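A look at the structure
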Amino acid sequence: MNLNNTIEVLDLSIRILRLGRKLRDVMGEERLDLLKAAQICSEMMGRGRGEGGVEGVEVMEEEMRWAREAAERVREEGMKVLERGVLGLNQAEVGSGLQVFYNLGELKETVEGLVKKYRDLGVKSIESVFDMKMIGAGGGGSGYGPGGVQRSGMPQIGSGAKAKEALWQRMGACMDQLHLLVVAVWHLQRVLSKKRDPLTHVLLLDEVIQDGDPMLTDRIWYSFVEAFSSQMKSAFTVSSFVKEILTTGYPKLYSMVDNLLERISRDTENVKGVLPAVSSDKKAQMLAAIDIFQTSFLALCLGRLSDLVNSVFPMSSRGSVPSKDHVSKIVLRIQEEIEAVQFDSQLTLLVLREIGKVLQLLAERAEYQISTGPEARQITGPATAAQLKNFALCQHLQEIHARVSSLISGASDMLFTPLDALYGVAYVSVQSLFEAMLERLKSCILQIHDQNFGTIGIDSAMENNASPYMDELQKHILHFRSEFLSRLLPSSSSTSAGTETICTKLTRNMASMVLMFFMRHASLVRPLSESGKLRMARDMAELELAVGQNLFPVEQLGAHYRALRAFRPVIFLETSQLESSPLLQDLPPSVILHHLYSRGPDELLSPIQRNNLTPLRYSMWLDSQREDQIWKGIKATLDDYAALVRARGDKEFSPVYPIMLRIGSAISENLAYSRNS
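Residues numbered from 1 in each chain as written. Predicted model: local features only at pLDDT ≥ 70, side-chain atom pairs only at ≥ 80, totals over all residues. Heavy atoms only, no water.

Describing the packing of aromatic side chains
Cut-off, in case you're wondering: Pairing of aromatic rings covers Phe, Tyr and the six-membered ring of Trp, with a centre-to-centre limit of 6.5 Å; geometry is then stacked below 30 degrees between planes, edge-to-face above 60, and tilted otherwise. A helix here means a DSSP run of H or I that spans at least four residues, while a strand means a run of E at least two residues long, and both kinds are numbered starting from the N terminus. Residue exposure (1.4 Å probe, protein chains only): buried if accessible area is under 20% of the type maximum, exposed if over 50%, otherwise partly exposed.
Inspection of the entire model under this criterion finds 11 aromatic pairs. A centroid spacing of 5.4 Å and a plane angle of 80° characterise the contact between F236 and F293, whose relative ring orientation is edge-to-face. Of the two residues, F236 sits in helix α8 (residues 216–238) while F293 sits in helix α12 (residues 291–312), which places them 57 residues apart along the sequence. The burial state of F236 is the same as that of F293; both residues are buried. Both rings, one in Y618 and one in W621, keep their centres 5.9 Å apart while their planes meet at 15°; by these two values the pair is stacked. Of this pair, Y618 and W621 both sit in helix α25 (residues 615–623), 3 residues apart, roughly one helical turn.

Structural data, given as structure tokens:
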């Protein structure tokens, strides 16, 4: 047995010595072949260990000691190659380094050790960001850290700006470090997932990660997120100084984190056969770590804007009107809040939501300032203090509405409701004034029914003058222009193309309604003699001039102006010419039908006469009816007239009768067609 053992030890020693000579040759080469050296070292170590080894043989123990030293050198050189390749993203070097440790039989522990090293570096980098004693540089006295920061987490008086700058610098350096480490580990994982041992064809990744084990990138990412979340919570609750910096500077913090995630994605996505380093849910984990500062930032944003609105529109002072400077401050503050986050669409939407709350508050406060009652509606005297206040409110709110709308042209839906509320308050602030004026002008026009348009011959006193009611209407329009519109309507130089202010819109609507109201009641005038037609035409010309010069350019009133222009020659047409005239296309059918009563016999009663109504009551009824419903009322009078003619035994009807029937029938046919289509 001793002889056999001796022979086996001798045989093993010879093999080890031969391997040792090979290893010496490899190690002595000018360019060290690490793969071959690692293979030989591994074989020598394997043969020299265990039962039946060469322990106790002095010569062999010396050889094995030298082999271990050689193996250590191979490890050192192999680690240099591996780390250089990992950090430099060189697949060839990473593959060579991994193969060295695979050949040494130490692949799994080496990779795990390297990943742990990078994980610890990242965690340390995160923790150092909020180490107040490491922020900044400079002196401090008793009770202060190296950066002029108190042990309580507050900077020394006068060193806050330097400490703040140092904090952001360290945060930026931390993001760079995390990016470097994550991409490095991903690159290591990428090579492991592709490289196989050339002899055994074993996939190196299977040697490192078993079924159910987390991937390498997941291991360090979870550690980084955990450390980052912990530090964020600590910074928020422990240090008021850091909390204030990260709250006010949340857009910068968010940008840094988002940029980190974007850089990692850019560098690790779209690689065929390899998963990205960070999936969308893992990105969300990192962003969730700063949610606590996002909430605080949005509250701060809302508070800043609300305080500004409260100072401009204090609840304690209802009569105050903000100045243009106050309005500009509100808009500029909103602009600053938007610009601070405009680099990210999601963050912008969150800030816009807070701005929407402020605009709603602004609308409520402004509405509280609006003056109501007789002073706000009067139109006969000079503009009152209450009206001037309402005018200023309207203009200020419109300016805010226009300027904020221009800031958010790409996200207007988010602020649609609050901006609409703001516009609504501006509208209401002057609406009652325009309503009062329109009612006054309507009352003037209603006086047309007190005039005598049925006289034969021209009254010399009226030959070159407008009717009294038209004189009164012109005076009211001129007064409204000089006292109110001059203050409300913008100058041509202050309005941009395509924009229409509230007061411009109200004035345009009022001008259109005045024209249509006049035509309605002019068509109801009965009887209407030839001299009466001349007088009415003169009134129309005076109306067109008064409206065009003092309210709104009549040529811009579209269908309403075309109707007025058409009605003037229509009243001079012979009855037989009416139906074929192209002028009728510009007139509402009800206006034509009502005018035809003035050409018919006395026994053809108008709806006003048949129903014993005043012109005002009938006009109010017309306001709520469609053309087909108005025709039904007119048709009833025609039926009564036809029955009366037949009862007398007459066989002929007035020429207007068949014309009115045909016009009315066309209304019914058009209605039926529109319903079917």
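Having put the structure on the table, let's press on.
Here we look at the side chain of E544
Convention followed: Counting of polar contacts relies on pairs of N or O atoms within 3.5 Å, with two restrictions inside protein: one atom must be capable of donating a hydrogen and the other of accepting it, and residues adjacent in sequence are counted only when both atoms are side-chain atoms. The contact definition used throughout considers only heavy atoms, calling two residues in contact when any of these lie within 4.5 Å.
Structurally, the position occupied by E544 is in helix α20 (residues 530–550). Engagement of the side chain of E544 in a polar contact is seen with the side chain of R568, the distance being 2.9 Å. Setting aside residues no more than four positions away along its own chain, E544 makes contact with V554, Y561, L564, R565 and R568.

A look at the side chain of S239
Relative to the elements of secondary structure, S239 occurs in the loop between α8 and α9 (240–248). From its side chain, S239 meets the backbone nitrogen of V242 in a polar contact 3.2 Å long.

Comments concerning the confidence of the model for the chain
How we decide: The score called pLDDT rates the predictor's confidence residue by residue, from a low of 0 to a high of 100.
Chain-level statistics for the chain give a pLDDT mean of 85 and a share of 82% at 70 or above. Long-range and interchain partners of residues 136–152, a stretch whose pLDDT sits below 50, account for 34 contacts in this model, where long-range means more than four residues apart.

Topic: the environment of Y118
For Y118, the location among the structural elements is in helix α5 (residues 107–129). Spatially, the C-alpha atom of Y118 lies 9.2 Å from that of L178, the residues being 60 residues apart in sequence. When neighbours within four sequence positions are excluded, Y118 is seen to be in contact with E83, V86, L87, L181, A184, V185 and F224.

Things to note about unusual backbone geometry
Omega for the peptide link from R526 to P527 comes to 0°, which places this bond in the cis form. With respect to the element layout, P527 can be found in the loop between α19 (502–524) and α20. The residue L89 is not glycine, and still its phi comes out positive at about 55°. Topologically, L89 is positioned in the loop between α3 (58–88) and α4 (91–104). The phi dihedral of N612 is positive, around 55°, even though this residue is not glycine. By secondary structure assignment, the location of N612 is in the loop between α24 (607–610) and α25. Relative accessible area serves as the criterion here: at 72%, N612 is assigned to the exposed category.

A look at a negative patch on the surface
As a reminder, the rule being used: Residues enter a patch when their relative accessible area is above 30% and they make no salt bridge; the linking distance is 9 Å between like charges and 5 Å between nonpolar side chains (Val, Leu, Ile, Met, Phe, Trp, Tyr). In these tables, accessible area is a Shrake-Rupley quantity obtained with a 1.4 Å probe, and a residue counts as shielded only by the protein chains included in the view. Salt bridge criterion: a side-chain nitrogen from Lys or Arg within 4 Å of a carboxyl oxygen from Asp or Glu. In this charge count, Lys and Arg are treated as positive and Asp and Glu as negative; neither His nor the chain ends contribute. Charge positions are represented by NZ for Lys, CZ for Arg, CG for Asp and CD for Glu.
On the surface, D206, E207, D211 and D213 cluster together to form a negatively charged patch. Within the element layout of this structure, D213 appears in the loop between α7 (204–208) and α8. A relative accessible area of 31% means that D213 is categorised as partly exposed.

Focus: the layout of surface pockets
Filter applied, for reference: A pocket here means an open set of points on a 1 Å grid, computed over the protein atoms alone, that has protein on both sides within 12 Å along at least five of seven lines. A cavity is instead a set of points where a 1.4 Å probe fits but cannot get out; residues with an atom within 4 Å of a point line either one. Grid points are joined across faces, edges and corners, and a volume is the space filled by probe spheres set on the points.
Its volume calculated, the second largest pocket comes out at about 320 Å³. Lining the second largest pocket are 15 residues, with M516, F517, R520, L622 and D623 positioned closest to its centre. For the lining of the second largest pocket, the secondary-structure elements that each account for two or more residues are α19, α23 (589–597), α25 and α26 (627–648). Looking at the lining of the second largest pocket, the element that brings in the most residues is α19, giving 4 residues.

Regarding the packing of helix α6 (residues 160–192) against helix α10 (residues 250–268)
Counted only if it meets this: Helix axes are fitted to C-alpha atoms over the stretch in contact, other axes to C-alpha atoms as well, and angles between N-to-C directions run from 0 to 180 degrees. Should an angle fall under 35 degrees it is called roughly parallel, over 145 degrees roughly antiparallel, and 65 to 115 degrees roughly perpendicular, with every other angle called oblique. Note: crossing handedness is left-handed where the near helix turns anticlockwise from the far helix by less than a right angle, and right-handed where it turns clockwise. Ten residue types, Ala, Val, Leu, Ile, Met, Phe, Trp, Tyr, Cys and Pro, are classed as nonpolar, four, Asp, Glu, Lys and Arg, as charged, and the remainder, Gly among them, as polar.
For the pair α6 and α10, interaxial distance at closest approach is 10 Å and the crossing angle is 20°. As summarised for this structure, α6 and α10 are arranged roughly parallel, according to the angle between their axes. Note on packing geometry: the crossing formed by α6 with α10 is right-handed. Judged by residue contacts, W168, M171, G172, M175, D176, L178, H179, V182, V183 and W186 of α6 engage K252, L253, M256, V257, L260, R263, I264, D267 and T268 from α10. When grouped by side-chain class, the residues that make up the contact of α6 with α10 number 12 nonpolar, 3 polar and 4 charged.

A short note on the packing of helix α17 (residues 416–446) against helix α18 (residues 468–488)
Working note: a packed helix pair is described by the angle between its axes plus the distance between those axes. Relative to each other, α17 and α18 sit at 165°, their axes nearing to 9 Å. The orientation of α17 with respect to α18, classified from their angle, is roughly antiparallel. Handedness of the crossing formed by α17 with α18: left-handed. On α18, the residues that touch V430, L433, F434, M437, R440, L441, C444 and I445 of α17 are Y469, E472, L473, H476, I477, F480, F484, L485 and L488. Across the contact of α17 with α18, the residue classes break down as 14 nonpolar, 1 polar and 2 charged.

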